[in-house]
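Now for the letters of each chain:
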Amino acid sequence: MAAPFTLRKIGVQPNSANLTEARRRVFDFFRAACRSIPTIMDIYNLQDVVAPSQLRFAISAQIRNNAHVTDPKVIDLLLFKGMEELTDIVDHAKQRHHIIGQYVVGEGLVQNTGSKDQGKSDFLKNFYTSNYF
């Protein structure tokens, strides 16, 4: 059996020279994140909750949420945050329910079957629509 993929300490360099270089770094980050999925599945025992392809989709959805960003410095900042998150996950700095809550349930991979307003009283509905928030 091959040794599991270990995340190399890939540091995001401070500044991308242009948008093309920043885009290349995003693809490199996506590849590193996808290569670490089997390790993450083993560490957090996620086989019974989610498939690797669904985690890959969650990672790509996170990247696509910021597709509108065109400033290389902002892209570098987002890459730094992404690398920190990935390093924390691979280093087991998070617990299983954090991963499930953020990347399985939080990304819409598990459908919410109930309505949020169902079963609330009229008083609570009026309170939530008031200006007290």
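Now for a description of the structure that goes with this document. This is a predicted model, so every value here is computed, not measured. (Residues numbered from 1 in each chain as written. Predicted model: local features only at pLDDT ≥ 70, side-chain atom pairs only at ≥ 80, totals over all residues. Heavy atoms only, no water.)

**Quick word on the environment of asparagine 15**
Our working rule: In this description a helix means any DSSP run of H or I spanning at least four residues, a strand means any run of E spanning at least two, and both kinds are numbered starting from the N terminus. Buried means the residue's accessible area, taken with a 1.4 Å probe over protein chains only, is under 20% of the maximum for its type, while exposed means over 50%, and partly exposed covers the values in between. Note on contacts: a residue pair is in contact if any heavy atoms of the two residues lie within 4.5 Å.
Within the secondary structure layout, asparagine 15 lies in the segment before helix 1 (19-35). The exposed category is assigned to asparagine 15, whose relative accessible area is 53%. Each C-alpha atom of the pair asparagine 15 and aspartate 76 lies 6.5 Å from the other, and the pair is 61 residues apart in sequence. What asparagine 15 contacts, discounting residues up to four positions off in sequence, is Glu21, Arg25, Lys73 and Asp76.

**Some points on the packing of helix 2 (residues 37-44) against helix 4 (residues 72-90)**
For the record, the criterion: Only C-alpha atoms enter the line fits that serve as axes; for helices the fit covers just the stretch in contact. Angles between N-to-C directions range over 0 to 180 degrees. Here roughly perpendicular refers to angles of 65 to 115 degrees, roughly parallel to angles under 35, roughly antiparallel to angles over 145, and oblique to all remaining angles. Basically, the charged four are Asp, Glu, Lys and Arg, the nonpolar ten are Ala, Val, Leu, Ile, Met, Phe, Trp, Tyr, Cys and Pro, and anything else, Gly included, counts as polar.
Two elements in contact, helix 2 and helix 4, have axes separated by 10 Å at closest approach and are oriented at 45 degrees. By the angle between their axes, helix 2 is oblique relative to helix 4. Taking contact as the criterion, the partners of Ile40, Ile43 and Tyr44 in helix 2 are, on helix 4, Leu86, Asp88, Ile89 and Val90. When grouped by side-chain class, the residues that make up the contact of helix 2 with helix 4 number six nonpolar, no polar and one charged.

**Digging into the nonpolar core**
Within soluble globular proteins, side chains that are nonpolar tend to cluster in buried spots. How we decide: Note on terminology: a nonpolar core comprises buried Ala, Val, Leu, Ile, Met, Phe, Trp, Tyr and Cys residues joined through side-chain atoms within 4.5 Å.
Counting residues in each nonpolar core, the largest one holds 22 residues, and the members touching the most others are Ile40, Leu46 and Leu55. In terms of residue count, the dominant contributor to this core is helix 4 (six residues). Setting aside residues up to four positions removed in sequence, isoleucine 40 forms contacts with Asn45, Leu46, Leu86, Ile89 and Val90.

**As for the packing of helix 1 against helix 4**
In plain terms, the rule: Rotating anticlockwise by less than a right angle from the far helix to the near helix defines a left-handed crossing, while the corresponding clockwise rotation defines a right-handed one.
Where helix 1 meets helix 4, the closest approach of the two axes is 10 Å, and the angle between their N-to-C directions is 15 degrees. Relative to helix 4, helix 1 is oriented roughly parallel. Regarding helix 1 and helix 4, the two cross each other, and that crossing is left-handed. Across the interface between the two elements, Leu19, Ala22, Arg25, Val26, Phe29, Ala32 and Ala33 of helix 1 pack against Pro72, Ile75, Asp76, Leu79, Gly82, Met83 and Leu86 of helix 4. Of the residues belonging to the contact of helix 1 with helix 4, the class tally is 11 nonpolar, one polar and two charged.

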